[in-house]
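Residues per chain, in single letters:
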Amino acid sequence: VIRDFSPAVTASGIPLSHILWVIWAIGMAAVTLYFAGMLLRIHKMKKEAFLVTAESEPELYRQFSACVRELSLRQDVKLYASCDIQNPVSCGWLRPTIIIPQDLDIVSSAEELRFIFLHELQHCKHKDALLNLLVCVLETLYWFNPLIWYGFYQFRKDREIACDHAVLRLVGGEERMRYGLTILQFAQHAKSGVFASPLSGISSSAATTKQRITEIAEYRPVTALQRLKSAGIFLLIFLLLLGTSPL
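Residues numbered from 1 in each chain as written. Predicted model: local features only at pLDDT ≥ 70, side-chain atom pairs only at ≥ 80, totals over all residues. Heavy atoms only, no water.

*Asks:* Is there a simple way to explain the overall build of the chain in this structure?
*Replies:* Secondary structure assignment for the chain yields 10 helices and five strands. The 247 residues of the chain split such that 41% are buried. Long-range contacts, defined as pairs at least 24 residues apart, comprise 73% of the intrachain contacts of the chain with a sequence gap of at least 6. Carbon and sulfur atoms provide 65% of the accessible area of the chain, an area that totals close to 14,100 Å². (Helix = DSSP H or I, 4+ residues; strand = E, 2+ residues; numbered from the N terminus. Buried < 20%, exposed > 50% of the residue type's maximum accessible area, 1.4 Å probe, protein only. Contact = heavy atoms within 4.5 Å. Areas by Shrake-Rupley, 256 points an atom, 1.4 Å probe, with all protein chains shown as cover.)

Now the structure itself:
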């Protein structure tokens, strides 16, 4: 098909490189619109959400503040409650924000709330919102390469597992069963897509959740080999980007 297509393009007087560039630009514009729509929905959700403060929700705010102190976070992380989401999420690089379902403190125990807050605050601590932004930009530029999608999928999965391990280091390995059950509560509401999201959250796709639960059940402190694996995935993505640059 390509051999038949190339002479036709040459005969038309339009260089093949120009046609491929136009296809890439159209795809990039479509992905840009997708991410722009997602950012607008997040902005609208934050605007309509309810800010949790010591005055409005003293007990919930006390639990959240205790988790912030436990992680020794210097960032000013805001907590919002929204009726538009079913799973807790975090977002924002310069102004980190955690958004929880409005009834989370009603349907969850104090222990579950602590697990949830610690997980989301780990995303804030590790600047995952900035990583999400970078991934969104790179997926916009390299939308045509399925290897890039797969590489970032693996990267996001390893990042969630790293957050799980960080929480278990804080609460203790003996809490892994209760922590795993907390994750499973939100798995049924998880949404998975082809592209990345500016949001980070405790929920994940069914396949990722299954692997996370396995990792939690067999929890061991993070080894140098696991760190090397994550670094290797990142390096592989970087090399793929260099080798498939459309620019």
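*Asks:* Sorry, what's going on with the packing of aromatic side chains here?
*Replies:* Centre distance and the angle of the planes are the two values used to describe a pair of aromatic rings. In total, this model carries six aromatic pairs according to the counting rule given. Plain terms: the ring middles of Phe115 and Tyr179 are 5.6 Å apart, the flat faces sit at 90° to each other, and that makes the pair edge-to-face. With a gap of 64 residues between them, Phe115 in helix H5 (residues 110–125) and Tyr179 in helix H8 (residues 176–187) connect regions that are remote in the sequence. The same class applies to Phe115 and to Tyr179, which are both buried. For the ring pair Trp143 and Phe144, a centre distance of 6.0 Å and an interplane angle of 90° mean the geometry is edge-to-face. (Phe/Tyr/Trp six-rings, centres within 6.5 Å; stacked < 30°, edge-to-face > 60°.)

*Asks:* I keep staring at the sheet that holds strand E5 (residues 200–201) and nothing clicks. Help me out?
*Replies:* Either a parallel or an antiparallel arrangement is found when strands of a sheet pair, and the pairing is made through backbone hydrogen bonds. Here five strands make up an open sheet; going across it, the order is E1-E2-E4-E3-E5 and the pairing mixed. On the outer flanks of this sheet lie strand E1 (50–51) and E5, each paired with one strand and no other. Pairing analysis gives two bridges linking E1 to strand E2 (residues 78–82), with the strands arranged antiparallel. Each residue of the ladder has a partner; that of Leu51, found in E2, is Tyr80. Of the strands in this sheet, E1, E2, strand E3 (89–91) and strand E4 (97–101) touch helix H2 (residues 16–48), which is tilted by about 75° from E4. (Pairing = 2+ DSSP bridges. Axes fitted to C-alpha atoms, helices over the stretch in contact; angles between N-to-C directions.)

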